[in-house]
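Below are the chains, spelled out letter by letter.
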Amino acid sequence: MKSLRLLGMERSWKALVETRRMTELNFEDGLQLLLQSELDSREEKRFDRLKKNAAFRYQASVEELNMDPKRGMDKAQIADLITGGYIERGEPLLISGATGCGKSFLASALGLKACSQGKKVLYFNLQKLLQRTKIARLEGSMHKLLDRIAKADLLILDDFGLVNLDQQQRLDLMEIIEDRHARSSTIIASQLPVASWYDVIGEDTIADAVLDRIVHTSHRIELKGESLRKKR
Ligand SMILES: Nc1ncnc2c1ncn2[C@@H]1O[C@H](COP(=O)(O)OP(=O)(O)OP(=O)(O)O)[C@@H](O)[C@H]1O
């Protein structure tokens, strides 16, 4: 088992030997148990890898979400998002709300859920990502970075609209969104209401092109209430 790197199976086998349960099982049940242990162990490892790769802002889970409707949380909508259907269909999710109302927490929790469903997720603060694209262009690694982003089943762009974009940043955002359009899902979180995103992008043709690709088919969550940081 060790040579074949069947580590989950090996662990289960050792437990069976130590507890002497192996003598109680017939061949078929024993084999099934060992194979199931191997499968569980691989899924667990894949989940850990996906979670690490996603680089979430919070290690938040959907079970921890405060579902108070006064905060703008709709149980049925969240339950639907948890199934991951929006990711399969490549639909965007736009989360807006004032600072501290839990946008990043919600996006991270949905991202973690997607990892548990075997999806490749990437989480970025948008400003930091657009600084990274600038550096990647200078270093000649832009193609690699865009390729990595395009391959993600779910891309989370947090803090959209905190600063205005320059022309190159607008074009980079456009390219990222275009690569994903109608194929892969993107979550965008912003303190600004969706109606003012046009002005944030700042150039009519690019704003039209970006928003046309994300707004029409999107799911929306508008979080309300006072900052959860203040409450704490
Ligand atoms: N559902 C929740 N349950 C428990 N704590 C939460 C929840 N949502 C958010 N928090 C906590 O509230 C604080 C603010 O949350 P978060 O960073 O997600 O807000 P935000 O809306 O993204 O803020 P900003 O716009 O300033 O980035 C964090 O400390 C977070 O841990």
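Our subject is the structure listed above.
One structure accompanies this document, and this report is about it. (Residues numbered from 1 in each chain as written. Predicted model: local features only at pLDDT ≥ 70, side-chain atom pairs only at ≥ 80, totals over all residues. Heavy atoms only, no water.)

## Considering the pairing of strand 1 (residues 93-96)
- Neither face of strand 1 is exposed, since Leu-93 and Ile-95 on one face and Leu-94 and Ser-96 on the opposite face are all buried.
- The pairing of strand 1 with strand 5 (residues 219-222) spans four bridges and is classified as parallel. Looking at the pairing, Leu-94 lines up with Arg-220 of strand 5. (Buried < 20%, exposed > 50% of the residue type's maximum accessible area, 1.4 Å probe, protein only. Helix = DSSP H or I, 4+ residues; strand = E, 2+ residues; numbered from the N terminus. Pairing = 2+ DSSP bridges.)

## Some words on the packing of helix 8 (residues 167-180) against helix 10 (residues 204-214)
- Two numbers describe how helix 8 lies on helix 10: the axes approach to 10 Å, and their chain directions differ by 25 degrees. Between helix 8 and helix 10, the crossing angle belongs to the class labelled roughly parallel. At the point where helix 8 passes helix 10, the crossing takes the left-handed sense. The segment helix 8 lies against helix 10, with Gln-167, Arg-170, Leu-171, Leu-173, Met-174, Ile-177 and Glu-178 engaging Ile-206, Ala-209, Val-210, Arg-213 and Ile-214.
- In the contact of helix 8 with helix 10, the residues fall into eight nonpolar, one polar and three charged. (Axes fitted to C-alpha atoms, helices over the stretch in contact; angles between N-to-C directions. Parallel < 35°, antiparallel > 145°, perpendicular 65-115°, else oblique. Left-handed = near helix turned anticlockwise from the far one by under 90°. Contact = heavy atoms within 4.5 Å. Nonpolar A, V, L, I, M, F, W, Y, C, P; charged D, E, K, R; others polar.)

## Structural notes on the site of the ligand
- The environment of the ligand is made up of 18 residues, and the closest members are Tyr-58, Thr-99, Lys-103, Ser-104 and Phe-105.
- Lys-103 places a side-chain nitrogen or oxygen 2.7 Å from an oxygen atom of the ligand.
- Within the contact set of the ligand, an oxygen atom lies 3.4 Å away from a side-chain nitrogen or oxygen of Asp-159.
- Against a free-state accessible area of 630 Å², the protein chains account for coverage of 87% of the ligand.
- Counting residues per element, the ones that place at least two in the shell around the ligand are helix 5 (103-116) and helix 11 (228-231).
- Ranked by residue count, the leading element in the shell around the ligand is helix 5, at three residues.
- Residues of the shell around the ligand, tallied by class, amount to six nonpolar, six polar and six charged. (Near = heavy atom within 4 Å. Polar contact = N/O pair within 3.5 Å; in protein donor to acceptor, adjacent residues only side chain to side chain. Areas by Shrake-Rupley, 256 points an atom, 1.4 Å probe, with all protein chains shown as cover.)

## Thoughts on a nonpolar patch on the surface
- On the surface, Met-1, Trp-13, Val-17 and Met-22 cluster together into a nonpolar patch covering about 320 Å² of accessible area.
- The topology assignment puts Trp-13 in helix 1 (residues 7-18). (Patch = residues over 30% accessible without salt bridge, like charges linked within 9 Å, V, L, I, M, F, W, Y side chains within 5 Å. Salt bridge = Lys/Arg side-chain N within 4 Å of Asp/Glu carboxyl O.)

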